[in-house]
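Letter by letter, the chains look like this.
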Amino acid sequence: HSFGGRLAFEWAAANPGEVDRLVLLDPVIVIPPAAGLWAAENARAERRYASFEDAVDRRYEESQLQRAPRALVEGELRHHLVEEADGWRYRYTQAAVVAAYGEMASPPPPFAAVRLPTLLVLGERSYLPYDHLLEAHTDALGDLLEVVTVPGGHTVLWDALDETAAAVTGFLTRS
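Please read these numbers as outputs of a predicted model, since none were measured by experiment.

### Comments concerning the overall build of the chain
Each helix and strand counted, the chain has eight helices and six strands in total. Reading the chain from its N end, one meets helices and strands in the order α-β-α-β-α-α-β-β-α-β-α-β-α-α. Relative to its length of 175 residues, the chain is compact, with a C-alpha radius of gyration of 17 Å against a globular reference of 16 Å. Principal-axis analysis of the C-alpha atoms places the extent of the chain at approximately 50 × 35 × 30 Å. Residue burial in the chain is summarised as follows: out of 175 residues, 41% are buried.

Structure representation (structure tokens):
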């Protein structure tokens, strides 16, 4: 998912034969450098929340979550937030996020370098469009690329869990 899709894509390109299939969930294969700079600048400030509930509410706003069940978001955030004396914060460092945006703005390997069965699950209202890459990806992979669009936004696992799970299960169980 997201930057993890870029990492999986890079791994498959760098290690031919080690990956049999690739599942990309609303991946960020590459973003325009100006967008990467804007996102990195916005990621520099640490996000703190007065309460766990406030953090969950903000996650809905920040990620433009459309359909995600609150219990699912709460369960996920319990793994990613830590409580401190002055509130709740994410357990990652901002420097790592800034570095990741730099990677996302750098040129990826060509799609032809990863010629293997690939499932691409896209959120129909994702704030990270894939339109600028879809033609090149389709041209490079042809019938090896399966594209599924699910309701919701970028976080397809939260916004469209059932649809995303069905697409992934179907892809992985086909011979």
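Let's pick the thread back up.
### Let's talk about the sheet that holds strand β3 (residues 81–84)
Read across the sheet, three strands follow the order β2-β4-β3 without closing on themselves; strand pairing throughout is antiparallel. Two strands close off the open sheet at either side, each with one partner strand: β2 (48–49) and β3. When β3 meets strand β4 (residues 87–90), the two strands line up antiparallel, connected through four bridges. Residue E84 lies in a different strand from β4, and its bridge partner there is G87.

### Thoughts on unusual backbone geometry
Excluding glycine, residues mostly carry a negative phi; peptide bonds, for their part, are mostly trans. In this structure, S2 is a non-glycine residue whose phi angle is positive, near 55°. Residue placement: S2 occurs in the segment before α1 (3–14). Given a relative accessible area of 17%, S2 falls into the buried group. With a phi angle near 40°, D26 is a residue other than glycine that sits in the positive phi range. Turning to its location among the elements, D26 is positioned in the loop between β1 (22–25) and α2 (33–43).

### Some points on the sheet that holds β1
Strands pair in a sheet through their backbones, by hydrogen bonds, and they do so in one of two ways: parallel or antiparallel. With parallel pairing, the three strands of this open sheet are ordered in space as β1-β5-β6. Each having just a single partner strand, β1 and β6 (145–150) make up the two edges of the open sheet. The mean inter-strand angle of the sheet, taken between neighbouring strand axes irrespective of direction, is 15°. Pairing geometry for β1 and strand β5 (residues 118–123), over four bridges, is parallel. The partner of L25 across the bridge, within β5, is V121.

### A look at helix α6 (residues 131–141)
Looking only at α6, the buried set comprises L133, H137, A140 and L141. Considered in projection along α6, the buried side chains sweep an arc of 80° and stay on one side of the axis. Residues of α6 that are exposed and point over 90 degrees away from its buried face: D131, E135 and D139. Just past α6, the residue G142 takes up positive phi, approximately 60°.

Quick notes on the rules
Residues numbered from 1 in each chain as written. Predicted model: local features only at pLDDT ≥ 70, side-chain atom pairs only at ≥ 80, totals over all residues. Heavy atoms only, no water. Helix = DSSP H or I, 4+ residues; strand = E, 2+ residues; numbered from the N terminus. Rg over C-alpha atoms; globule rule 2.2 N^0.38 Å. Buried < 20%, exposed > 50% of the residue type's maximum accessible area, 1.4 Å probe, protein only. Pairing = 2+ DSSP bridges. Axes fitted to C-alpha atoms, helices over the stretch in contact; angles between N-to-C directions. Arc of directions from axis to C-beta.

Fair warning: the whole summary comes from geometry, so function is off the table for now.
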